[in-house]
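# Secondary and tertiary structure notes
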Amino acid sequence: MALTASRLTFHRTVFAPRIGQQLCASRSRSRWYCNQKQDAASTEQKHKKATFPKIYTKTGDKGYSSTFTGERRLKNDQVFEALGTTDELTSVIGLAREFGLEFGHSFVNELDNIQCVLQDVGSNIATPVSSARQSHLSKTQFSEKPVLELEQWIDKYTSQLPPLTSFILPSGGKSSATLHLARAVCRRAERCVTPIVQAGEADPVVAKYLNRLSDYLFTVARYASMIEGKQEKIYQRGNP
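Described below are features of the structure shown in this document. (Residues numbered from 1 in each chain as written. Predicted model: local features only at pLDDT ≥ 70, side-chain atom pairs only at ≥ 80, totals over all residues. Heavy atoms only, no water.)

### As for the nonpolar core
Counting 42 residues, the largest nonpolar core has Leu-89, Ile-114, Tyr-209, Leu-213 and Tyr-216 as its most contacted members. Sorting the residues of this core by element identifies helix 2 (78-103), helix 3 (108-125), helix 5 (145-158), helix 6 (174-198) and helix 7 (204-228) as the ones contributing at least two each. Looking at this core, the element that brings in the most residues is helix 7, giving 12 residues. Excluding residues that lie within four positions of it along the chain, Leu-213 makes contacts with Leu-89, Ile-114, Leu-118, Leu-150 and Cys-186. (Core = buried A, V, L, I, M, F, W, Y, C linked by side-chain atoms within 4.5 Å. Buried < 20%, exposed > 50% of the residue type's maximum accessible area, 1.4 Å probe, protein only. Helix = DSSP H or I, 4+ residues; strand = E, 2+ residues; numbered from the N terminus. Contact = heavy atoms within 4.5 Å.)

### With respect to the packing of helix 2 against helix 3
The N-to-C vectors of helix 2 and helix 3 enclose an angle of 170°; their axes lie 10 Å apart at closest approach. Comparing the axis directions of helix 2 and helix 3 gives the class roughly antiparallel. Here Val-79, Ala-82, Leu-83, Thr-86, Leu-89, Thr-90, Ile-93, Gly-94, Ala-96, Arg-97, Gly-100 and Leu-101 of helix 2 lie close against helix 3, whose contacting residues are Val-108, Leu-111, Asp-112, Ile-114, Gln-115, Leu-118, Val-121, Gly-122 and Ile-125. When its residues are assigned to classes, the contact of helix 2 with helix 3 shows 13 nonpolar, six polar and two charged. (Axes fitted to C-alpha atoms, helices over the stretch in contact; angles between N-to-C directions. Parallel < 35°, antiparallel > 145°, perpendicular 65-115°, else oblique. Nonpolar A, V, L, I, M, F, W, Y, C, P; charged D, E, K, R; others polar.)

### Observations regarding a nonpolar patch on the surface
On the surface, Phe-167, Leu-169 and Tyr-235 cluster together into a nonpolar patch covering about 330 Å² of accessible area. Position of Tyr-235 relative to the elements: it lies in the segment after strand 4 (233-234). On the basis of relative accessible area, Tyr-235 is assigned to the partly exposed category, the value being 41%. (Patch = residues over 30% accessible without salt bridge, like charges linked within 9 Å, V, L, I, M, F, W, Y side chains within 5 Å. Areas by Shrake-Rupley, 256 points an atom, 1.4 Å probe, with all protein chains shown as cover. Salt bridge = Lys/Arg side-chain N within 4 Å of Asp/Glu carboxyl O.)

### Observations regarding the environment of Ser-166
When you line up the elements, Ser-166 lands in the loop between helix 5 and strand 3 (168-169). Ser-166 sits in the partly exposed class, given a relative accessible area of 33%. Taking C-alpha positions, Ser-166 is 9.0 Å from Gln-236, a pair spaced 70 residues apart along the chain.

### What to know about the side chain of Glu-190
Along the chain, Glu-190 falls in helix 6. For Glu-190, a relative accessible area of 15% translates into the label buried. Each residue touching Glu-190, except ones within four places of it in the same chain, is listed here: Ala-207, Leu-210 and Asn-211.

### Regarding the pattern of salt bridges
Here the structure, examined in full by the defined rule, presents 10 salt bridges. Of the charged contacts, one joins Glu-190 and Arg-187 as a salt bridge, the two residues approaching to 3.5 Å between their closest N and O atoms. Of the two residues, Glu-190 and Arg-187 both sit in helix 6, three residues apart, roughly one turn of that helix. Each member of the salt-bridge network shares a partner with another, and the members are Arg-97, Glu-98 and Asp-112.

Structure below.
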């Protein structure tokens, strides 16, 4: 009996702790392995979430595109013509903005604002009233506030410019010439939007904004030329 008790004591004090340590070590390795698998799965899941959709959808390959209301129309529809011209306008303004940054012009922030407003202009154009629900219209309504802002900016710069006594040609440095280009594209955008507004398919304030924007671009083009000390080219009638 003493021998048995001694063996039992040995088992409890020496052998059993070693088994326990081995089991703990095994469990620790198992937990580590499980944690590694979970971390790998989490990383993979993050990569999946970070995956961006392809830039091409192939839905326009047959010459049709969708309005915001889900309506499918030919790409040469007047709605898409107006949207494309508005996009062209904001791109040219982006170029003028870069020139403005080079010369440190104060109106650059205004051009930033205008580019954002033109996105709202596009949203309104892309929501034909005839196929829109109220939920569409509430998201794309266009207010009078941007028009009033343009008028304030026009008045501010006009008060600092010399009176206009002759026709001027697009000129006066890179900033000025690019702003004149933006003005010309803006006029075309207005012409594209006008029939859509007249048909009751877009907000009339959108056309008013584009009309006022072309005046702003003309004024700020002259202002840029003056600030840079560049000479505006004056129109002179050729010999008949």
